[in-house]
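Residue-level listing of the chains:
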Amino acid sequence: MPSDGVLIIGAGPAGLSAADELLRQGYENTIEIWEADPHYVGGISKTIEWEGYRFDIGGHRFFSKSDLITQRWKSWLGPDLLERERLSRIYYRNRFFKYPLQPVNALINLGPMTAGHCVLSYAKRRFYPIRPEDSFADWVQNRFGRQLFDIFFRSYTEKVWGIPCEDIAADWAAQRIKGLSLSTAVRAALFGTPQGEIKTLIDRFYYPRLGPGMMWNRVAKKVQDEGALLHLDTSAGLLAHREGSVYMVQGGQKLVRPKQVISSMPLKHLLLGLRPLPPKQVIDAANALKYRDFMTVALVLDEPNLFPDNWIYIHDGTVNVGRIQNFGNWSPDLLGDPRTSCVGLEYFVNQSDEIWHASESDLLKMASKELLSLGLTKNAKIIKGTVIRQPRAYPVYDKGYQQNRSIIQDYLKQFTNLQIIGRNGMHRYNNQDHAMMTGILAAQNVMGADWNLELVNSDAEYHEELSTERLTPQPLH
């Protein structure tokens, strides 16, 4: 690579959006993209194809507060960007609860005695809130009461993260469910949503006809057709630096000397790949960053339309599955045979867990047994299935992550030609549109802008709210 080129590490939504924006801005020098995956672009937003069926890794509803992001989606996909209805429910004690929670529905399903306990528990926390509000458990209890927290938040959240809710940072809740409380839910149910108030949890969304990978495959082709170089199966191993500048990056047999580096690789790996290594305090902070891994066991059944949901949250401690997707309800074209259903049982795990290393046959047996025990199959029979593993799917918001990020951020301020973007790149649980925005703004910085990427999503509401707030932050100066 010539010394005036840009190296983008990672071909997920953030990295590909950065490449696309550079080209839109008229960048004339070399753009090179390295992607560690040997087969797919899109990161966790890829779509796996198997025997005519397509699987979305984790479910990706396309919605954004940003007109810019929405217009990019539409320009890339055109008529292949479908508009879909949203339906998600919570499965608890053999009953379905509407999600987001609707007080009347929830209290009727819980029964009068449990419902009464929920109301009293909520009232107690309104008069005697937990202070200081340090954890996810504190945050949710202060807004919903202990009873509803234990029923609708604790079990699922601990399945997702693998740690007690008391060890999860309060800002995880503040980022994901800000603006939602039992009192606002009751007001909305009884009197409707006031004019100008945020509407929580959208009921319609966009979705690519062949899954999110369809979009990122198209963007990857677009940027390559316009001159960018994309290399799969290429990880950035070492990043040599001096005097606040990355001057060389090595990945396998490849060696480049870029003028600018835009990285969406996991933040821990970026820090550990720097040469010379950062100070011990920074290395310790990087090693303390944690990730949650993810598995989907996809099962094909011999009957269509098993249930109407896009996905169902499983609040049941007797099974390991945390969520079940119904792929045909995202797009019918994900199904290899319209006479069948294909469901994805999602397991949140660590790579050190025994389940991560289990054989495919054992995982298929476990998932089949759990699906049958939940009573969601009607009379359908399971025909076949496969397993998809996704390492480092989610950055973990444990209680120490903010301090560790702060140490790392302070260290990275010295670099004049290195920007970090995306979910794992910034170790922030950004949504797809926020990840895209960090890539777009990083590209604009290469062209002379002065955006502070840390401010993207700093004022964001819950990940499925609609409001007039911008995704775009203010400039640094």
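Residues numbered from 1 in each chain as written. Predicted model: local features only at pLDDT ≥ 70, side-chain atom pairs only at ≥ 80, totals over all residues. Heavy atoms only, no water.

Caption draft 1: Structural context of the overall build of the chain. Along its length, the chain carries 15 helices and 20 strands. Relative to its 477 residues, the chain shows a buried fraction of 58%. Look at the contacts in the chain between residues 6 or more apart in sequence, and 75% of them connect residues 24 or more apart. In the form shown here, the chain has an accessible surface area of approximately 20,500 Å², with 51% of it arising from carbon and sulfur atoms. (Helix = DSSP H or I, 4+ residues; strand = E, 2+ residues; numbered from the N terminus. Buried < 20%, exposed > 50% of the residue type's maximum accessible area, 1.4 Å probe, protein only. Contact = heavy atoms within 4.5 Å. Areas by Shrake-Rupley, 256 points an atom, 1.4 Å probe, with all protein chains shown as cover.)

Caption draft 2: Structural context of the packing of helix H5 (residues 136-144) against helix H6 (residues 146-161). Axis separation between H5 and H6 bottoms out at 8 Å; the angle between their running directions is 140°. H5 and H6 meet at a crossing whose hand is right-handed. Across the interface between the two elements, Phe136, Ala137, Val140, Gln141 and Phe144 from H5 touch Arg146, Leu148, Phe149, Phe153 and Thr157 from H6. A breakdown of the residues in the contact of H5 with H6 according to their chemical character gives seven nonpolar, two polar and one charged. (Axes fitted to C-alpha atoms, helices over the stretch in contact; angles between N-to-C directions. Left-handed = near helix turned anticlockwise from the far one by under 90°. Nonpolar A, V, L, I, M, F, W, Y, C, P; charged D, E, K, R; others polar.)

Caption draft 3: Main features of the packing of aromatic side chains. On inspection of all chains with the given rule, the structure shows 25 aromatic pairs. Considering the side-chain rings of tyrosine 156 and tyrosine 313, the 5.2 Å spacing of their centres and the 90° angle between planes classify their relative orientation as edge-to-face. With tyrosine 156 in helix H6 and tyrosine 313 in strand E16 (residues 311-314), this residue pair connects regions lying 157 residues apart in the sequence. Note on phenylalanine 294 and tyrosine 394: the rings are 6.0 Å apart at their centroids and 85° apart in plane angle, and the pair reads as edge-to-face. Within this pair, whereas phenylalanine 294 is found in strand E15 (residues 291-301), its partner tyrosine 394 is found in strand E19 (residues 382-395), the two being separated by 100 residues in sequence. (Phe/Tyr/Trp six-rings, centres within 6.5 Å; stacked < 30°, edge-to-face > 60°.)

Caption draft 4: How the structure looks around the side chain of threonine 234. Its location among the elements puts threonine 234 in the loop between strand E9 (229-231) and strand E10 (238-242). With a relative accessible area of 9%, threonine 234 lands in the buried category. Engagement of the side chain of threonine 234 in a polar contact is seen with the backbone oxygen of leucine 232, the distance being 3.0 Å. The residues contacting threonine 234, other than those within four sequence positions of it, are Trp34, Glu35, Ala36, Gly251 and Lys254. (Polar contact = N/O pair within 3.5 Å; in protein donor to acceptor, adjacent residues only side chain to side chain.)

Caption draft 5: Spatial organisation of the side chain of serine 341. Of note, serine 341 is situated in strand E18 (residues 341-349). Side-chain polar atoms of serine 341 contact the backbone nitrogen of asparagine 305, separated by 3.2 Å. Sequence-distant contacts of serine 341, defined by excluding residues within four places in its chain, comprise Leu299, Val300, Leu301, Glu303, Pro304, Asn305, Leu306 and Leu335.

Caption draft 6: Summary view of the environment of glycine 145. Looking at the secondary structure, you find glycine 145 in the loop between H5 and H6. Spatially, the C-alpha atoms of glycine 145 and serine 121 are 4.9 Å apart, while their sequence positions differ by 24 residues. Apart from residues no more than four positions distant in its own chain, glycine 145 is found in contact with Ser121, Tyr122, Arg125 and Val140.

Caption draft 7: Focus on the sheet that holds strand E11 (residues 245-251). Spatial ordering of the open sheet is given by E12-E11-E10-E14, a layout of four strands whose pairing is mixed. Sheet topology places strand E12 (254-256) and strand E14 (274-275) at the edges, where each strand pairs with a single neighbour. With five bridges joining them, E10 and E11 adopt antiparallel strand pairing. Paired with leucine 238 across the bridge in E11 is glutamine 250. (Pairing = 2+ DSSP bridges.)

Caption draft 8: Summary view of unusual backbone geometry. The omega angle of the peptide bond from arginine 131 to proline 132 is -5°, so this bond is cis rather than trans. With respect to the helices and strands, the residue proline 132 is situated in the loop between helix H4 (112-127) and H5. Here the residue pair arginine 275 and proline 276 is connected by a cis peptide bond, since its omega of 5° sits within 30 degrees of zero. Tracing the backbone through its elements, the reader meets proline 276 in the loop between E14 and helix H11 (280-288). Positive phi values are uncommon outside glycine, yet aspartate 233 reaches one of about 55°. Looking at the secondary structure, you find aspartate 233 in the loop between E9 and E10. Relative accessible area serves as the criterion here: at 56%, aspartate 233 is assigned to the exposed category. Of note in this structure, asparagine 305 is not a glycine but carries a positive phi near 55°. Among the secondary structure elements, asparagine 305 is positioned in the loop between E15 and E16.

Caption draft 9: Local environment of H4. Here H4 spans 23 Å end to end across 16 residues, near enough to the 22 Å set by a 1.5 Å rise per residue. Residues Thr114, Ala115, Cys118, Ser121, Tyr122 and Arg125 constitute the buried set of H4. One face of H4 carries all of its buried residues, which in axial projection span an arc of 125°. Looking at H4, the residues exposed on the side facing more than 90 degrees away from the buried face are Pro112, Met113, Leu120 and Phe127. (Expected span 1.5 Å × (residues − 1). Arc of directions from axis to C-beta.)

Caption draft 10: Up close: the sheet that holds E16. Strand order in this open sheet of seven strands is E7-E6-E16-E17-E18-E15-E19, and the pairing throughout is mixed. At either margin of the open sheet sits one strand with a lone partner, and together these are strand E7 (95-99) and E19. If you compare each strand with its neighbour and ignore which way they point, the axes differ by 25° on average. The pairing of E15 with E19 spans 10 bridges and is classified as antiparallel. Residue pairing across strands places threonine 296 opposite isoleucine 388, the latter belonging to E19.

Caption draft 11: Looking closely at the environment of leucine 371. Turning to its location among the elements, leucine 371 is positioned in helix H12 (residues 360-374). Each C-alpha atom of the pair leucine 371 and leucine 299 lies 9.5 Å from the other, and the pair is 72 residues apart in sequence. Discounting chain neighbours no more than four positions away, the residues touching leucine 371 are Leu299, Leu301, Ile324, Val343, Leu345, Leu376 and Thr377.

Caption draft 12: Structural view of the pattern of salt bridges. Under the counting rule described, the total for this entry stands at 28 salt bridges. With a closest N to O distance of 3.2 Å, glutamate 226 and lysine 222 form a salt bridge. Here glutamate 226 falls in the partly exposed class, since its relative accessible area comes to 42%. The network of salt bridges with shared partners includes Asp20, Glu21, Arg24, Arg72, Lys222 and Glu226. (Salt bridge = Lys/Arg side-chain N within 4 Å of Asp/Glu carboxyl O.)

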